[in-house]
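# Architecture and fold: a report
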Amino acid sequence: MTYPVAVLPGDGIGHEVVREAVEVLEAVGERFGLKWEFHEASVGGQAIDQMGIPLPSETLELCERSEAVLLGAVGGPKWDQLDYDIRPERALLGLRKELGLYANLRPVQLSSPLADASPLKREIIEGLDLVVVRELTGGIYYGQPKGIELLGTEERGINTLIYTTSEIERVARLAFQLAAKRRKKLTSVDKANILESSVLWRKVVIRVAQEFPQVELAHMLVDNCAMQLIRDPRQFDVILAGNMFGDILSDEAAMLTGSIGMLPSASLGGRVGLYEPVHGSAPDIAGQDLANPIATILSGAMMLRYSFNQESAAEAIERSVLRVLEAGYRTSDIYEEGKRRVGTAEMGDLIVREIEAGG
Ligand code: IPM
Ligand code: MG
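Bear in mind that the values here come from a model prediction, so they are computed numbers and not experimental data.

Calculation notes
- Residues numbered from 1 in each chain as written.
- Chains lettered and ligands numbered in written order.
- Predicted model: local features only at pLDDT ≥ 70, side-chain atom pairs only at ≥ 80, totals over all residues.
- Heavy atoms only, no water.
- Axes fitted to C-alpha atoms, helices over the stretch in contact; angles between N-to-C directions.
- Helix = DSSP H or I, 4+ residues; strand = E, 2+ residues; numbered from the N terminus.
- Parallel < 35°, antiparallel > 145°, perpendicular 65-115°, else oblique.
- Left-handed = near helix turned anticlockwise from the far one by under 90°.
- Contact = heavy atoms within 4.5 Å.
- Buried < 20%, exposed > 50% of the residue type's maximum accessible area, 1.4 Å probe, protein only.
- Patch = residues over 30% accessible without salt bridge, like charges linked within 9 Å, V, L, I, M, F, W, Y side chains within 5 Å.
- Areas by Shrake-Rupley, 256 points an atom, 1.4 Å probe, with all protein chains shown as cover.
- Salt bridge = Lys/Arg side-chain N within 4 Å of Asp/Glu carboxyl O.
- Lys, Arg positive; Asp, Glu negative; His and termini not counted.
- Charge placed at Lys NZ, Arg CZ, Asp CG, Glu CD.
- Pairing = 2+ DSSP bridges.
- Near = heavy atom within 4 Å.
- Polar contact = N/O pair within 3.5 Å; in protein donor to acceptor, adjacent residues only side chain to side chain.
- Nonpolar A, V, L, I, M, F, W, Y, C, P; charged D, E, K, R; others polar.
- Domains from an automatic or database assignment.

### Quick notes on the packing of helix 11 (residues 311-326) against helix 12 (residues 344-356)
- One can describe the packing of helix 11 onto helix 12 by two numbers: an axis separation of 9 Å at closest approach and a directional angle of 120°. In terms of orientation, helix 11 lies oblique with respect to helix 12. Of the two elements, helix 11 crosses helix 12, and the hand of that crossing is right-handed. In this structure, helix 11 uses Ala 316, Ile 317, Ser 320, Val 321, Arg 323, Val 324 and Leu 325 to contact helix 12, whose residues at the interface are Met 347, Leu 350, Ile 351, Glu 354 and Ile 355.

Below you can see the structure in the form of structure tokens.
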């Protein structure tokens, strides 16, 4: 089997972390007999510098021809002054929409060797294992009307929060399917005490739940959910949320582990899945061999699982990451006294060696 993958390193630390993830995928490919065909293209600030726009059509076409996309990160201070429509971040919105990636999965698992990196007490987070499923191609990010208009002497900024039945149904179904394979608990997040779009959200989620009698469904208002994530995060298995609520809650959930440099994500729904670390481009440490490549490496594991149905290869990556952490190796972001500090490239190499050794 040959797997064509579009590789979009993007900006900042994107190049360094993607390079390590590609090496890890090569190693796991050797071991499990999978052949990769990696094709690189530019996106974000890099594409703005080269071609004047954040998502050139060549890049989008490459993604459409591939079976999966591995992305690093986009953005940085260099492009902050640009007009909103041509900023690097627009590339993400374009890719999501064009590739039909309506569901974003952000698993948050506490890696036990890192339990002390969390700002929360060990008793609250030990064994934490949840997934945020965020709707990714609708809601207030895309609703019309939007814009900034002149209104007499002042300006008015507008965004519109819209959800249709079918948009809610498809992401809810995907979240229920995931919950059915996990601990069978789904918490749907909304603001149904105030927003009509949330009233519809809740109604549709209840209807989809009838297809999954084995999954227990709970509804939670978004403000309460933000609080519950800190109070008792282990009550959650799958959290389902709309685009903006999911954006906010997934950052909050990511920080529960204390190490955002560890968290992968998958964006699914279309023919081609997109895999990227949850962290950003970290321009302050770019090019210094300081970034943690683990989030991108684990995104590669998600690619194997969700795009290529290679569960054993995915688990081999996850196990190798765990072994390297257990052996005491740490990049700077997760370093604690008494551990062995390594750079981006060495962390990648350690994981590669663990895979080669059959870990
Ligand atoms: C994310 C990011 C993006 C989002 C930004 C960079 C557009 O915060 O992927 O969570 O809001 O979706
Ligand atoms: Mg975000």
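Next comes the rest of the account.
### Considering unusual backbone geometry
- The step from Gln 144 to Pro 145 runs through a cis peptide bond, and the omega angle for that step is 0°.
- Within the secondary structure, Pro 145 is located in strand 6 (residues 143-151).
- Residue Lys 184 is not a glycine yet carries a positive backbone phi of 65°.
- Mapped onto the secondary structure, Lys 184 falls in the loop between helix 6 (165-180) and strand 8 (185-190).
- Residue classification places Lys 184 among the partly exposed residues on the basis of a relative accessible area of 34%.
- For Asn 309, which is not glycine, the phi dihedral falls at a positive 55°.
- Its place among the elements puts Asn 309 in the loop between helix 10 (294-306) and helix 11.

### Notes on a negative patch on the surface
- Side chains of Glu 23, Glu 26, Glu 30, Asp 289, Glu 346, Asp 349 and Glu 356 sit close together on the surface and give a patch of like negative charge.
- Where the negative patch is concerned, the elements lending two or more residues are helix 1 (14-32) and helix 12.
- A residue is classified by how much of its surface remains accessible, and Asp 349, at 31% relative accessible area, is partly exposed.

### A few points about the sheet that holds strand 11 (residues 264-268)
- One open sheet accounts for ten strands, arranged 2-1-3-12-11-4-5-10-8-9; its pairing is mixed. A single partner strand is all that each edge strand has here, and the edge strands are strand 2 (35-40) and strand 9 (216-221). On average, each strand axis in the sheet is inclined to that of its neighbour by 25°, with strand direction left out of account.
- With respect to the sheet, helix 7 (residues 196-209) is in contact with strand 5 (129-135), strand 8, strand 9 and strand 10 (238-241), its orientation differing from that of strand 9 by roughly 170°.

### Thoughts on the site of ligand 1
- As a matter of local geometry, ligand 1 sits amid Glu 89, Leu 92, Arg 96, Arg 106, Arg 134, Tyr 141 and Asp 247.
- One nitrogen or oxygen atom from the side chain of Arg 106 is found 2.9 Å from an oxygen atom belonging to ligand 1.
- Between ligand 1 and Asp 247, the relevant distance is 2.9 Å, taken from an oxygen atom to a side-chain nitrogen or oxygen of the residue.
- Within the complex, the protein chains bury 70% of what would otherwise be the 320 Å² of accessible surface of ligand 1.
- Considered class by class, the residues forming the shell around ligand 1 number two nonpolar, no polar and five charged.
- A domain split of the shell around ligand 1 shows at least three residues from each of domain 1 (1-103 + 263-359) and domain 2 (129-255).

### Here we look at the pairing of strand 10
- Taking every second residue as pointing to the same face, both faces of strand 10 are buried, with Val 238 and Leu 240 on one and Ile 239 and Ala 241 on the other.
- Taken together, the four bridges between strand 5 and strand 10 define a ladder with parallel strand orientation. Bridge pairing links Arg 134 to Ala 241 in strand 10.
- As paired elements, strand 8 and strand 10 share three bridges and run parallel to each other. Residue pairing for strand 10: Leu 186 is matched across the bridge by Val 238.

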